[in-house]
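# Structural features, examined
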Amino acid sequence: MRNSIVRTVLWVLRLLLPAHGKRRATPTPPPVIVSVPTPRPEPVAAWSRSWVGPSADEARAIFHAEETRSLTPEQRERWRAVAFAEIGVDYDFPTINITGVQSFPQGVAA
């Protein structure tokens, strides 16, 4: 009697619960993965685009401005950053510890 009850309970459980392992109730095909390649932009030579930075005259006017002569080097760099930002150029203090060519002693080639 116990064996028939256990078989019946197992039969009902197999119907209700999905099968695991090698013996599946209904085999399902593996999912199809479709990969779409992302388009890579064509490399463009830098010299084929027009110049987007400031002109030499604009940069020279910023670096040699009269109003910066009385400022400390840090204030001068901040003033230059603001001046470049006004014309739309990102300037992140690249020359704070760089000395100019004029400050080298005589006989040393720059």
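Predicted, not measured: the structure shown is a model, and the values here were computed from it.

Conventions and cut-offs
Residues numbered from 1 in each chain as written. Predicted model: local features only at pLDDT ≥ 70, side-chain atom pairs only at ≥ 80, totals over all residues. Heavy atoms only, no water. Core = buried A, V, L, I, M, F, W, Y, C linked by side-chain atoms within 4.5 Å. Buried < 20%, exposed > 50% of the residue type's maximum accessible area, 1.4 Å probe, protein only. Helix = DSSP H or I, 4+ residues; strand = E, 2+ residues; numbered from the N terminus. Contact = heavy atoms within 4.5 Å. Salt bridge = Lys/Arg side-chain N within 4 Å of Asp/Glu carboxyl O. Patch = residues over 30% accessible without salt bridge, like charges linked within 9 Å, V, L, I, M, F, W, Y side chains within 5 Å. Areas by Shrake-Rupley, 256 points an atom, 1.4 Å probe, with all protein chains shown as cover. Axes fitted to C-alpha atoms, helices over the stretch in contact; angles between N-to-C directions. Parallel < 35°, antiparallel > 145°, perpendicular 65-115°, else oblique. Left-handed = near helix turned anticlockwise from the far one by under 90°. Nonpolar A, V, L, I, M, F, W, Y, C, P; charged D, E, K, R; others polar.

## Focus: the nonpolar core
Ranked by size, the top nonpolar core spans six residues in total: Ala59, Ile62, Ala81, Ala83, Phe84 and Tyr91. Of all elements in the fold, only helix H2 (56–63) and helix H3 (73–86) reach the threshold of two or more residues within this core. Counting residues per element, this core draws most heavily on H3, at three residues. Every residue in contact with Tyr91, bar those within four places of it in the chain, is listed here: Phe63, Glu77, Arg80, Ala81 and Phe84.

## Side note on the side chain of Thr68
Relative to the assigned elements, Thr68 resides in the loop between H2 and H3. You can call Thr68 buried: its relative accessible area is 2%. Not counting residues within four places of it along the chain, the set of residues in contact with Thr68 comprises Arg76 and Trp79.

## What about the pattern of salt bridges?
Close approach of charged atoms lets side chains of opposite charge pair. Per the counting criterion, the structure on display carries three salt bridges. One salt bridge in this structure joins Glu66 and Arg69, with 3.6 Å as the shortest N-O distance. For Arg69, a relative accessible area of 56% corresponds to the exposed category.

## Some thoughts on a nonpolar patch on the surface
Residues Met1, Ile5, Val6, Val9, Leu10, Trp11, Val12, Leu13, Leu15, Leu16 and Leu17 make up a contiguous nonpolar surface patch of roughly 1,100 Å² in combined accessible area. For Ile5, the position within the fold is in helix H1 (residues 2–16). On the accessibility criterion, Ile5 (46% relative accessible area) is partly exposed.

## Considering the packing of H2 against H3
Packing of H2 against H3 brings their axes to within 10 Å, and their N-to-C directions diverge by 150 degrees. The angle between H2 and H3 places the two elements in the roughly antiparallel class. Between H2 and H3 lies a crossing whose hand is right-handed. Along its contact with H2, which presents Ala59, Ile62 and Phe63, the element H3 presents Trp79, Arg80, Ala83 and Phe84. Classifying every residue of the contact of H2 with H3 by side-chain character gives six nonpolar, no polar and one charged.

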